[in-house]
Amino acid sequence: TVYGCDTIITDVVNNPKVLQVKFNTDCTSSGIIRNGKLYATVNGFYDVAGTSTNIAIYDYNYNGKTIYSGSMNYQYIGLVDSFPTYNITFTELKVVNNYNQKIFYSGSHQLKIIQGKDTQTISDDVYAISGNNSGIVFKGNAFTSKITTDLNLAGNCNWIGSGLVEVKPHNNPTRTLNFGAGCDSKISVSIYDKTYELDIP
């Protein structure tokens, strides 16, 4: 168990290796409620370049939003600028909220561990994330997005701490998302010369 309210099942004898995480009903940790199941297959050791992990998602619920299908794959490519680096691909993630509105989402990212790589704890880690995404949002409008300044995410924070993302909805002007400079749920969104502050639940 990781959170005390989940069950982890492993098969490290066969290849690929298998790891299943099942969350008990309303598994709660650090203010986050999780439900559902994650199913991972791994073809090698995590710190060997070329090792690939594929995660299938089955009705995984995170604070009231359910990822009811889709998968993600991440591959360790070794050290880049001395940082452990992973290529991450999201494929056809389908997210539904409490109002039965849906998002369809795919993306390609690169993640570097820029702090904390020498310890086994997550709380001292800091990740730098780059990449781009595409999909369809809740009201049916298509979009593309690109991280223009790396997103920084600390292992001891539930929110992205800094970075810039440009989002281009179909037939609408580009929005610039600014995640600020600290651990909080606030972001600012700029459209032309207007800026709005939003709170990420």
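Residues numbered from 1 in each chain as written. Predicted model: local features only at pLDDT ≥ 70, side-chain atom pairs only at ≥ 80, totals over all residues. Heavy atoms only, no water.

1. Overview of the overall build of the protein chain
Regarding its fold elements, the protein chain presents zero helices and 13 strands. Computed over the C-alpha atoms, the radius of gyration of the protein chain is 18 Å, within 12% of the 17 Å expected from 2.2 N^0.38 for a compact globule of 201 residues. Its C-alpha atoms put the protein chain at 55 × 40 × 30 Å along the principal axes. For the protein chain, the residues scored as buried account for 33% of the 201 residues in total. (Helix = DSSP H or I, 4+ residues; strand = E, 2+ residues; numbered from the N terminus. Rg over C-alpha atoms; globule rule 2.2 N^0.38 Å. Buried < 20%, exposed > 50% of the residue type's maximum accessible area, 1.4 Å probe, protein only.)

2. Points about the environment of Gly78
With respect to the helices, strands and loops of the structure, Gly78 is situated in strand S5 (residues 65–80). When its relative accessible area of 9% is taken as the criterion, Gly78 is described as buried. Considered as a pair, Gly78 and Gly50 are 28 residues apart in the sequence and their alpha carbons are 7.9 Å apart. With sequence-adjacent residues up to four places away left out, Gly78 is seen in contact with Ala49, Phe83, Pro84 and Thr85. (Contact = heavy atoms within 4.5 Å.)

3. Overview of unusual backbone geometry
Omega for the bond connecting Asn15 with Pro16 falls within 30 degrees of zero, at 10°, which places this linkage in the cis form. Take Pro16: it is sitting in the loop between strand S1 (6–11) and strand S2 (17–29). At Ser30, a position not held by glycine, the phi torsion is positive, near 55°. Structurally, the position occupied by Ser30 is in the loop between S2 and strand S3 (32–42).

4. A look at the nonpolar core
Within soluble globular proteins, side chains that are nonpolar generally end up buried alongside one another. By size, the foremost hydrophobic cluster in this structure holds 29 residues, and its most contacted members are Leu111, Val165 and Leu177. Considering each element in turn, this core owes the most residues, five residues, to strand S6 (residues 83–96). Sequence-distant contacts of Leu177, that is, excluding residues within four places in its chain, are made with Gly163, Leu164, Val165, Val167, Ile187, Ser188 and Val189. (Core = buried A, V, L, I, M, F, W, Y, C linked by side-chain atoms within 4.5 Å.)

5. Focus: the pattern of salt bridges
On inspection of all chains with the given rule, the structure shows three salt bridges. Of the charged contacts, one joins Asp81 and Lys112 as a salt bridge, the two residues approaching to 3.3 Å between their closest N and O atoms. With Asp81 in the loop between S5 and S6 and Lys112 in strand S7 (residues 102–115), this residue pair connects regions lying 31 residues apart in the sequence. Measuring nitrogen to oxygen at the nearest pair gives 3.4 Å for the salt bridge that ties Asp118 to Lys117. (Salt bridge = Lys/Arg side-chain N within 4 Å of Asp/Glu carboxyl O.)

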